[in-house]
Amino acid sequence: MRGRFEGWYYKHQANGKSLALIPGRAEDTAFVQVVTDACAYHVTYPLSAYRRGDVLRVGGNVFSSDRVKLDIQAPQLSLTGEIVYENLTPICGDIMGPFRWFPMECRHGVLSMRHTLHGGCVINGETQDFTGGQGYIESDSGRSFPKGYTWVQCNDFTDCSIMAAVARIPFYGLRFWGCICVVWLDGREYRLATYQGVKIAACRPGFLELKQGKHCLTITVDDPGGHALQAPRLGKMSSVIKENIACPAHFRFMEGQRVVFEGKSNLASYEYEIR
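Residues numbered from 1 in each chain as written. Predicted model: local features only at pLDDT ≥ 70, side-chain atom pairs only at ≥ 80, totals over all residues. Heavy atoms only, no water.

(A) Spatial organisation of the overall build of the protein chain. Within the protein chain one finds zero helices and 22 strands. In terms of overall dimensions, the protein chain has C-alpha extents of about 55 × 45 × 35 Å along its principal axes. Sorting the 275 residues of the protein chain into buried and exposed places 56% on the buried side. Side-chain charges of the protein chain comprise 30 positive and 27 negative groups, with the mean position of each set lying 8 Å from the other. (Helix = DSSP H or I, 4+ residues; strand = E, 2+ residues; numbered from the N terminus. Buried < 20%, exposed > 50% of the residue type's maximum accessible area, 1.4 Å probe, protein only. Lys, Arg positive; Asp, Glu negative; His and termini not counted. Charge placed at Lys NZ, Arg CZ, Asp CG, Glu CD.)

(B) Fine view of the packing of aromatic side chains. Applying the stated criterion to the full structure yields 16 aromatic pairs. Ring geometry for Phe157 against Phe251: centres 5.9 Å apart, planes inclined by 85 degrees, an arrangement best described as edge-to-face. Linking Phe157 in the loop between β13 (149–154) and β14 (160–171) with Phe251 in strand β21 (residues 236–255), this pair joins segments that are 94 residues apart in sequence. What makes Phe157 buried here is its relative accessible area of 11%. By the ring-pair criterion, three or more aromatic residues cluster together here, those being Phe99, Phe102, Phe171, Tyr172 and Phe176. (Phe/Tyr/Trp six-rings, centres within 6.5 Å; stacked < 30°, edge-to-face > 60°.)

(C) Region of interest: the pattern of salt bridges. Inspection of the entire model under this criterion finds eight salt bridges. With a shortest N-O distance of 3.6 Å, Asp66 and Arg67 are connected by a salt bridge. For Asp66, a relative accessible area of 34% corresponds to the partly exposed category. Each of Asp66, Arg67 and Glu82 takes part in one network of salt bridges that share partners. (Salt bridge = Lys/Arg side-chain N within 4 Å of Asp/Glu carboxyl O.)

(D) The side chain of Gln128, seen in detail. With respect to the helices and strands, the residue Gln128 is situated in strand β11 (residues 126–129). Not counting residues within four places of it along the chain, the set of residues in contact with Gln128 comprises Lys17, Ser18, Gly120, Cys121 and Ile123. (Contact = heavy atoms within 4.5 Å.)

(E) Representation of a nonpolar patch on the surface within the structure. There is a patch of nonpolar side chains on the surface, built from Trp101, Phe102 and Tyr172 and spanning about 420 Å² of accessible area. Note on placement: Tyr172 falls in the loop between β14 and β15 (174–185). The exposure class of Tyr172 is exposed, given its relative accessible area of 59%. (Patch = residues over 30% accessible without salt bridge, like charges linked within 9 Å, V, L, I, M, F, W, Y side chains within 5 Å. Areas by Shrake-Rupley, 256 points an atom, 1.4 Å probe, with all protein chains shown as cover.)

(F) The arrangement of the nonpolar core in detail. Counting residues in hydrophobic clusters, the biggest one holds 31 residues, and the most contacted among them are Tyr9, Ile95, Val110, Met113, Tyr136, Trp151 and Met163. When near neighbours in sequence (up to four residues on either side) are disregarded, Val110 contacts Ile91, Ile95, Tyr136, Ile137, Glu138 and Met163. Ranked by size, the runner-up nonpolar core spans 28 residues in total, among them Val43, Tyr45, Ala49 and Tyr50. (Core = buried A, V, L, I, M, F, W, Y, C linked by side-chain atoms within 4.5 Å.)

(G) Local environment of the environment of Gly24. Turning to its location among the elements, Gly24 is positioned in strand β2 (residues 17–25). Residue Gly24 is classed as buried on the basis of its relative accessible area, which comes to 0%. Separated by 126 residues in sequence, Gly24 and Thr150 have C-alpha atoms that sit 21 Å apart. Excluding its chain neighbours within four sequence positions, the residues that come into contact with Gly24 are Glu6, Gly7, Ala30, Phe31 and Tyr50.

(H) Here's a closer look at the environment of Leu19. Mapped onto the fold, Leu19 is located in strand β2. Given a relative accessible area of 0%, Leu19 falls into the buried group. With 90 residues separating them in the primary sequence, Leu19 and Gly109 have C-alpha atoms 20 Å apart. With residues up to four places along the chain from it excluded, the contact list for Leu19 reads Tyr10, Lys11, His12, Val34, Val35, Thr36, Ile83, Cys121, Ile123, Phe130 and Ile245.

(I) Summary view of the pairing of β13. For β13, the buried fraction is high: six of the six residues fall into the buried class. With burial as the criterion, each face of β13 is covered, one bearing Tyr149, Trp151 and Gln153 and the other bearing Thr150, Val152 and Cys154. One ladder, built from six bridges, connects β13 with β14; its direction is antiparallel. In the strand pairing of β14, Trp151 is matched with Ala165. Adjacent in sequence and paired antiparallel, β13 and β14 are bridged by five residues. (Pairing = 2+ DSSP bridges.)

So, in structure tokens, the structure goes:
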């Protein structure tokens, strides 16, 4: 696995609290990153502590499609507990579309747009109950995160979950701005993507607008700044990005002149790394 990384993103939100868990491995280390409303932690492990089979194990932590079991004792972080997932919502096929057949700098996956949570954890002595809340799972693998990208995810709605990402993609010596996006609405999936002809009408700090055929998605984010996370660069966790795990955002999804969905949330997750 020289020069490569792989990682997963498990997000949990309930009762105004947020917790993201990012287990993975790079060329030189295994890790679990923990993101809360207040701060972020990066806990490293030897590569021998990373075991991926039917479930993923990093040290004493277990990650699967139906639950996470946590046991972290680090200098600044104590985290124990178990959170169970029910009624996962996978998307229809690979989010990468035909690009899954080509060598890519970074491959993205969406495992569940939304699911119900049961259980909780204890973080540095504080009990957090996520029962009745909503979860989300995605994955990344490859060599590096894109040099420029933005990502928004929110499922803080009764009948809707949205993930949208725009990135500068290196491809056979060229670079282009690519997009992947899913709007899951009341059991129906809308896919907006480069391979389906999406146009990136606007992409700037706090604002994203995507147009594809008769559909238009606009996202406005009030980002007060996020927590620093380690990110992969040429297979090593040597880069730094910032993520706001829970910030105010407004979403509007149009079909022609008709508003298909419109909603506001204070629990949108957001990254913007375009310079």
